[in-house]
Amino acid sequence: MTRSLLQLQHFYLQLIEINNISCIHALRWILLMSDSFSYHSIPEITVEELGHRLQAGSETLQLVDVREPQEVEIAEVEGFINLPLSEFNQWSDQIHSHLDLEKETLVMCHHGMRSAQMCYWLMRQGFTNVKNIRGGIDAYSVLVDPDIPRY
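Residues numbered from 1 in each chain as written. Predicted model: local features only at pLDDT ≥ 70, side-chain atom pairs only at ≥ 80, totals over all residues. Heavy atoms only, no water.

Caption draft 1: A look at the overall build of the protein. Check the secondary structure of the protein and you find eight helices and five strands. For the protein, the α and β elements follow one another from N to C terminus as α-α-β-α-β-α-β-α-α-β-α-β-α. For the protein, the residues scored as buried account for 44% of the 151 residues in total. Once local pairs closer than 6 in sequence are excluded, the contacts in the protein between residues at least 24 apart make up 66%. Total accessible area computed for the protein in this model is approximately 8,300 Å², and 51% of it derives from carbon and sulfur atoms. (Helix = DSSP H or I, 4+ residues; strand = E, 2+ residues; numbered from the N terminus. Buried < 20%, exposed > 50% of the residue type's maximum accessible area, 1.4 Å probe, protein only. Contact = heavy atoms within 4.5 Å. Areas by Shrake-Rupley, 256 points an atom, 1.4 Å probe, with all protein chains shown as cover.)

Printed below as a string of structure tokens:
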């Protein structure tokens, strides 16, 4: 990343702190402006594979949903902890107490974009086995469990 880009990111983060700008917008901006960020570099799991793993009762999984609480009220998959990206500043500094660095961590959102951003951030924090759930809860509802409402 160039020095000027790092300076812009630092400036933007200061604006967030001063003006309480939404952290979700800041995180998206920082990730998308990063030279090393690519959605293609994030490991993925299909919703069908997720469905099989949940049916098998795999207790070694960490399941994270980064959608907003009101989205989770509409549609949810049991077993996921909710860490909304908009509340990033409230939970990010405690992520190592919420999640195990070594456990397989599957991350979900509505369609897979926010969860990819979260996967990238988790990998930057030292998490070694992180996967984005391709297609998010919308694909899960269509392909695995039609009882989960779509929105």
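Caption draft 2: Highlighting the pattern of salt bridges. All told, the structure shown has six salt bridges when counted by the stated rule. Taking the shortest distance from any N to any O, the salt bridge between Arg53 and Glu104 comes out at 2.5 Å. You can see Arg53 sitting in helix α3 (residues 47–56) and its partner Glu104 sitting in strand β4 (residues 104–108), a full 51 residues away along the chain. No difference in accessibility class separates Arg53 from Glu104, as the two residues are buried. Because the salt bridges share partners, they merge into one network encompassing Arg53, Glu104 and Lys131. (Salt bridge = Lys/Arg side-chain N within 4 Å of Asp/Glu carboxyl O.)

Caption draft 3: Structural context of α3. Those residues of α3 lying buried are Val47, Leu50, Gly51 and Arg53. End-on view of α3: buried residues confined to an arc of 165 degrees, all on one side of the axis. The outward face of α3, more than 90 degrees from its buried face, is lined by the exposed residues His52, Gln55 and Ala56. (Arc of directions from axis to C-beta.)

Caption draft 4: Representation of the packing of α3 against helix α8 (residues 136–143) in the model. In the contact formed by α3 and α8, the axes pass within 9 Å of each other and the chain directions differ by 75 degrees. The pairing of α3 with α8 is recorded here as roughly perpendicular in orientation. Counting all contacts with α3, which are made through Val47, Glu48, Leu50, Gly51 and Leu54, the residues of α8 involved are Gly136, Ala139, Tyr140 and Leu143. The residue inventory of the contact of α3 with α8, partitioned by class, reads six nonpolar, two polar and one charged. (Axes fitted to C-alpha atoms, helices over the stretch in contact; angles between N-to-C directions. Parallel < 35°, antiparallel > 145°, perpendicular 65-115°, else oblique. Nonpolar A, V, L, I, M, F, W, Y, C, P; charged D, E, K, R; others polar.)

Caption draft 5: Examining the nonpolar core more closely. Counting 18 residues, the largest nonpolar core has Trp91, Ile95, Val107, Met118 and Leu122 as the members making the most contacts within it. Residue assignment for this core shows that the elements contributing at least two residues are α5 (88–91) and α7 (113–124). With five residues, α7 is the largest single contributor of residues to this core. Other than its neighbours up to four places away in sequence, Leu122 contacts Ile95, Leu99, Thr105, Val107, Phe127 and Val130. (Core = buried A, V, L, I, M, F, W, Y, C linked by side-chain atoms within 4.5 Å.)

Caption draft 6: Local environment of the pairing of β4. Counting buried positions along β4 yields five of five residues, so the element is predominantly enclosed. Of the two faces of β4, the one carrying Glu104, Leu106 and Met108 and the one carrying Thr105 and Val107 are both buried. Sheet topology places strand β2 (residues 61–65) next to β4; five bridges connect them, and they run parallel. In the sheet register, Val64 faces β4, and the bridge partner there is Val107. Taken together, the three bridges between β4 and strand β5 (residues 130–133) define a ladder with parallel strand orientation. Residue pairing across strands places Thr105 opposite Val130, the latter belonging to β5. Taken together, β4, α7 and β5 constitute a β-α-β crossover, and its handedness is right-handed. (Pairing = 2+ DSSP bridges. Right-handed = clockwise from strand over helix to strand, strands pointing away.)

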